[in-house]
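Chains, contacts and geometry: an overview
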Amino acid sequence: MATTTTTSAPEAAAEPPTRTGEPAISLEGVTKSFRSGSETVTAVAGVDLTIGAGEFFSLLGPSGCGKTTTMRMIAGFEEPTSGTVRLDGRDVTGIPANHRDVNMVFQSYALFPHMSVADNVAFGLRRRGVAKAEIRTRVAEMLDLVELGHRAKHRPSQLSGGQQQRVALARALVNQPGALLLDEPLGALDLKLRQSMQVELKRIQREVGITFVYVTHDQGEALTMSDRIAVMNHGRVEQLGTPAEIYEHPATRFVADFIGTSNLLTGVVRDRSEGGPWRVEVGEGATALAAELPDGAEAGGEVHLTVRPEKVHIGTAEPEGTVSRVPGTVTETVYLGSATHYQVDIGSDQQVTVFQQNASGAGLVAERGERVWLSWPPEHSYALSD
Ligand code: ATP
């Protein structure tokens, strides 16, 4: 028999979860180390997080950064080596998974193959002895929510991957958990289905208002769905913020590199005009402007600047005004229909990628080998700490 992959919510969760005004989930100084042979692997290193009730919160990072271990500690499948986990303000450290008011959904849906869709969804409620009439109503509501009411009598094997994942979601949500933990739930689906499920998941989360904690290594997925994202690297949270904050203002080189495409330029800080941005020399005759410098940086020192490819303007005339001005030579052009990508060599072994929308239909700004000027306003380049 297949095993269920949702943890059961406690008896009290038969009623809608009460809200105490406390954060739905908080982690305080949470560390998890594993013994691996003679070595100790620190999977999670001193994570502090507060997740609000009703938030869609993502843990995002590359493979091995500690996302799943963090989620498993919230669920109660792992205990922290040190630190505290709270759910709805209550310290649940050391409390087993089946006594925590959370449900988990995995990439492998692990539905019961011999049961109908409706019976799969009803499973948790039956086990808790909820009255038959109430089970029928709640299962029907859940199947409507995931738009599978017409498939209630089917077996899981008669459904597509996306539909099976929606059944798994309904099976978890019907328990009305305080929070739903989702570990790469769309990982097994093809790209098109994954994208439509992202929109679906966000809609469902908005409708039920339950806190979602979503683990993914896919930055597009996290940016699309989340209210806030914690970007993790080597067991730590490198940046915590809204998708726009993280995309527009990455706090570290790692985040700039991991989220979307970013140009990272290295230069020497020169000076700043009265109250104006800092001038950073990033190549011969090339000056980038930065509104702020990272802590510890000063005139004469080296800094790294990031600027997103779509913020860079490319032209053949020398730019005017208070902008970064960087001359260079086009080394590659890629025409993509709606946009053109340019690769520009700015000297000092540095390349800048430029995405230019083809709004006017004017065609290429410059061919390969041509000299161009790149420019962007100071608020679009950020000086980063390492
Ligand atoms: P992925 O996206 O690949 O699942 P992740 O970011 O979720 O990665 P974790 O699964 O949390 O990362 O693992 C973090 C680190 O902890 C990895 O180096 C992993 O090998 C190690 N690790 C996780 N679980 C154990 C375990 N039970 N025993 C030993 N090491 C472990």
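Read on for an overview of the structure. From a predicted model like this one, the values you see are computed outputs, not experimental measurements.

Before going further, it helps to spend a moment on the packing of aromatic side chains. Evaluation of the coordinates by the stated rule reveals four aromatic pairs. Through a chain of ring-to-ring contacts, the aromatic side chains of Phe56, Phe212 and Tyr214 assemble into a single cluster.

A word on the sheet that holds strand 2 (residues 39–51). Pairing within the open sheet is antiparallel, and its four strands lie in the order 2-1-4-5. The open sheet terminates on both sides in strands that have one partner only, identified here as strand 2 and strand 5 (90–91).

In this section: the nonpolar core. Counting 37 residues, the largest nonpolar core has Leu143, Leu169, Leu173 and Leu180 as the members making the most contacts within it. If you list the elements that add at least two residues to this core, you get helix 2 (117–127), helix 3 (132–145), helix 4 (161–173), strand 7 (179–183), helix 5 (191–208) and strand 8 (211–216). Each residue touching Leu173, except ones within four places of it in the same chain, is listed here: Met142, Leu145, Leu180, Ile204, Val208, Ile210 and Phe212. The next biggest cluster of nonpolar side chains, apart from the first, holds 28 residues, and it includes Ile74, Leu87, Val215 and Met232.

Before going further, it helps to spend a moment on the sheet that holds strand 7. Strands sit in the order 6-7-8-3-9-10 across an open sheet of six strands; the sheet is mixed. Since the sheet does not close on itself, it has two edges, and those belong to strand 6 (102–106) and strand 10 (236–241), each with one partner. On average, each strand axis in the sheet is tilted by 20° relative to the strand beside it, whichever way the strands run. Strand direction decides the pairing type here: strand 7 and strand 8, joined by five bridges, are parallel. Paired with Leu181 across the bridge in strand 8 is Val213. Here helix 4 sits on the sheet in contact with strand 6, strand 7 and strand 8, set at roughly 170° to strand 6.

Taking 1.5 Å of rise per residue, 14 residues should cover 20 Å, and helix 3 covers 20 Å from first to last C-alpha, within 8% of that figure. Regarding helix 3, the residues found buried are Ile135, Arg138, Val139, Met142, Leu143 and Leu145. Each buried residue of helix 3 lies within a common arc of 150° when the element is viewed along its axis, so the set occupies one face. Across from the buried face of helix 3, at angles greater than 90 degrees, the exposed residues are Arg136 and Asp144.

How each quantity is defined
Residues numbered from 1 in each chain as written. Predicted model: local features only at pLDDT ≥ 70, side-chain atom pairs only at ≥ 80, totals over all residues. Heavy atoms only, no water. Phe/Tyr/Trp six-rings, centres within 6.5 Å; stacked < 30°, edge-to-face > 60°. Pairing = 2+ DSSP bridges. Helix = DSSP H or I, 4+ residues; strand = E, 2+ residues; numbered from the N terminus. Core = buried A, V, L, I, M, F, W, Y, C linked by side-chain atoms within 4.5 Å. Buried < 20%, exposed > 50% of the residue type's maximum accessible area, 1.4 Å probe, protein only. Contact = heavy atoms within 4.5 Å. Axes fitted to C-alpha atoms, helices over the stretch in contact; angles between N-to-C directions. Expected span 1.5 Å × (residues − 1). Arc of directions from axis to C-beta.

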